[in-house]
Amino acid sequence: MCRLKLVNYEASENHISHETEGLSRKHLVVRRGKPFKITLMFGGRPWNPHIESLVLEVWLGDVSEKIRVQFSDEWSDPLRWSAKIYQSDMHPQSVMVHICSPVLSSVALYELLLHIETRRTRRSYVVGTFVLLCNPWLKDDPVYMPLGVQTQEYIKSDYGMLYMGTPLNISRQPWSFGQYEPGVLEACLRLLQVSPQHLRDKNKDYALRADPVYLSRTLCAMVNCNDDLGILMGKWQGSYKDGVKPTEWSSSADILHHWFRSSCRPVRYGQCWVFASVLCTVMRVLGIPSRVVTVFNAAHDGDGSLSVEEYYTSTGEKLNLSKDSIWNFHVWVECWMRRPDLGSGFDGWQVVDPTPQEKSAGIYCCGPCPVVAIQQHCLGALYDSGFISASVDADIIRLIVSDGLVVERTVDTEAVGQLIYTKSIGSDRPENLTPAYKGKKRVQPTGAVRCTPRSARQNATVMVNKCNVAFGYSCSPMQSSPLLSAAGFPGGSSQGLEVSLNIDGVPSVGDSIVMCVTLSNQSSSPRVVMEHLNAQVKEFNRSPQESFWKTHKKMHIKAGEVLKLNHTIPTSEYEAYLAGDDIVNVAVVIKDLKTNKRFLAAQEFNISSPQIAIEIEGGDTIKLKDEHTAQVSFINTFPRTLNGAVLTVEGSGLLEGKHQARLVFLKPGEKIEKQMSIVASSPGTKVLMATFSHSNSPSVVSRSFHRVSVMTD
């Protein structure tokens, strides 16, 4: 009797062939639509193909499909599972079988059985399990990506660069996606198994998992925990003592491990760049090309008006009166896929945003939405195109209020989505995606104060008609605000007076903030004006707090004169208020004392932190399990002694816990440093993070990240 004795999964060869090396130590991991091979070894008498048939059976949930093993010269249906034997792979006690799944197979963990059948008998054996992923290397797969450099960057690379801050001062943070860390693939598969869709009807969920649109939408909702057993809990203010402050994360693997080991309890805490980076990891693991994208000056437009209102007092203080807001930066994910549900004109990059902001079809997820639909203002394209379009292209209506009344109104059509960045292929330099999102600006009347609702609808209809011609898709008309003015950001002009506000250079912690207000009187009459200048601290996604600095001054400006008014905020007036990740909002209101007309200009910027030096002995590429020395140091560049200086270093996969150096006093020009040994526990990209703080500051003064590449040999 012939019986199955052993199975060789040929894991090494299969993983190389399927571009899945390092994804799992537990499972065979292969890609759909591409053959993989297993060797069946028999005990007892040799297998006799003349009297015994081999039948494989693939199980997924409660559904199975039997695959009769054929010889290589027999035809097989490419839309069904197939299994073939080549003559050269047949031996007396073993046979190698080449198995191929349909290109539109579901992403999941499958179970494989073997039946040895004769006319009268059937002996069945459990072969084992394997994981099937999307295949961006296969032309017929909806996630196919044609260039090797693209799949290397957007699937295989475990390293990313995040861009944050403001357009005036962009900061960068390395991120370890960590898809090759042990247990990450298993966590991603678990994420699918505990989704509401799977818990409701597992067989329906399994069937739909062949579609990357469905997969991306399901996973987007599962990265936040608002509706389900998702990974991350968001928090944007208050204390983070019962979790991890979002700015302290630098690795998706750490977060996925926390979630998986805690039986799917949410990890505390995330903000937009953390949500996006974790989703990017999950997508890359499951075979959907993905990248993290930052939108600077992103609008949160909850009512779909394509406009966001900002309120200022007559002295330049920004007020928290609007339910909508402008985030200095917002981070989401783009995934690459075809969109047969919309038509080929919408193939390519799709926005998927896991940060829980607004509900989509009743759940906290957003997208996938074609980037081309945003560029062409196709606001009816699935999914959430209106909300995403507003994020990059809404108007900002700025209102000056006095005694409860609006005394001045301006509209800014340029600030939102001012810059959109992602990491370049093979480089840490940013790639500017702004043109891909922002086509021709929506038509606005020039020099007009008001635009009637009718003309606004006409302008929108023009864009919709263009969209219909280009893509053959029905698009909803955009809503344009009828409240328009010629004044704009960062300065305003009306009735012959121009006002602008500029920040001198990029301010650093410990330096004074230097600003220049420029007034240009273009009229033929002199003016008497009152200048009000106001500075507030804010977080990247929230309205400012109370003012920490303000000034006012009355002045005369001659006809045709240009006045430059320089202002300085010394360090001593902001250091007690500003934390390392805070942003400054500065606004100037100029009031014409004769006409009572007001002019507003504003800027928001982040302050650069002094650098922490991180050096690895022998370079930034280290060997697995070898001990290496890391030297971390901070020099006090402030003009005064810092009390209670603390230098903290940590790095998942490199260090156990936190390592600290402390000094009671750190004098100007003196150095605080920490030397430690690092040992990499797994291959891939790791990130060392160092922070510096002192007792005079309310929060971390400086935070630095350092990329470390770990090689196996």
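Let me begin by describing the structure that accompanies this report. (Residues numbered from 1 in each chain as written. Predicted model: local features only at pLDDT ≥ 70, side-chain atom pairs only at ≥ 80, totals over all residues. Heavy atoms only, no water.)

## Quick look at the nonpolar core
Using the following cut-off: Within this scheme, the nonpolar core is defined by two criteria: the residues are buried Ala, Val, Leu, Ile, Met, Phe, Trp, Tyr or Cys, and they are joined through side-chain atoms within 4.5 Å. Burial classes: relative accessible area under 20% of the type maximum marks a residue as buried, over 50% as exposed, and values in between as partly exposed (1.4 Å probe, protein chains only). Each helix is a run of DSSP H or I of at least 4 residues and each strand a run of E of at least 2, with the numbering of both proceeding from the N terminus. Whether two residues are in contact is decided by their heavy atoms: any pair within 4.5 Å suffices.
With 66 residues, the main nonpolar core has I231, L232, I255, W273 and L286 as its most contacted residues. Looking at this core element by element, the count peaks at 12 residues for helix α8 (residues 272–286). Not counting residues within four places of it along the chain, the set of residues in contact with I255 comprises W175, I231, L232, W249, V267, V274 and V278. Of all hydrophobic cores here, the second largest spans 31 residues; its members include V69, V97, L112 and I116.

## Structural notes on the state of the cysteines
The criterion, for reference: A pair of sulfur atoms, both from cysteines and within 2.5 Å, is called a disulfide here.
A complete count under the given rule lists zero disulfides for this structure. In this structure C220 is a free cysteine whose sulfur lies 5.1 Å from that of C365, the closest cysteine sulfur available. The exposure class assigned to C220 is buried, which follows from its relative accessible area of 0%.

## Regarding the sheet that holds strand β20 (residues 369–370)
Our working rule: DSSP calls a pair of strands paired once it identifies at least 2 bridges connecting them. Structural elements are reduced to axes, namely lines fitted to C-alpha atoms, with helices fitted over the stretch in contact, and the angle between N-to-C directions of any two is expressed from 0 to 180 degrees.
Ordered by their spatial adjacency, six strands build an open sheet running β20-β19-β18-β15-β23-β24, and the pairing between neighbours is antiparallel. Edge positions in the open sheet fall to β20 and β24 (430–432), since each of these has one partner strand only. Packed onto the sheet, α8 meets β15 (290–300), β18 (325–337) and β19 (348–352) and runs at close to 5 degrees relative to β18.

## So, the pattern of salt bridges
Our working rule: Put simply, a salt bridge is a Lys or Arg side-chain nitrogen that is within 4 Å of an Asp or Glu carboxyl oxygen.
Considering all chains together, one arrives at 28 salt bridges under this definition. Put simply, E310 and R398 hold a salt bridge, and the shortest N to O gap is 3.2 Å. One end of the pair, E310, is in strand β16 (residues 307–313); the other, R398, is in strand β21 (residues 395–402), and 88 residues separate them in sequence. Of the two residues, E310 and R398, neither departs from the other in class, the shared state being buried.

## Some points on the packing of helix α6 (residues 212–223) against α8
The line we're drawing: By definition in this entry, angles of less than 35 degrees are roughly parallel, angles greater than 145 are roughly antiparallel, angles of 65 to 115 are roughly perpendicular, and the rest are oblique. Put simply, a crossing is left-handed when the front helix is turned counterclockwise from the back one by less than a right angle, and right-handed when it is turned clockwise. Any residue that is not Ala, Val, Leu, Ile, Met, Phe, Trp, Tyr, Cys, Pro, Asp, Glu, Lys or Arg is counted as polar, Gly included; the first ten are nonpolar and the last four charged.
Between α6 and α8, the least distance of the axes is 10 Å, while the angle of their chain directions is 140 degrees. Judged by the angle between their axes, α6 and α8 are oblique. For the pair α6 and α8, the crossing hand works out as right-handed. Between α6 and α8, the residues in contact are S216, L219, C220 and V223 and F275, V278, L279, V282, M283 and L286, respectively. When the residues that make up the contact of α6 with α8 are grouped by side-chain class, the tally is nine nonpolar, one polar and no charged.

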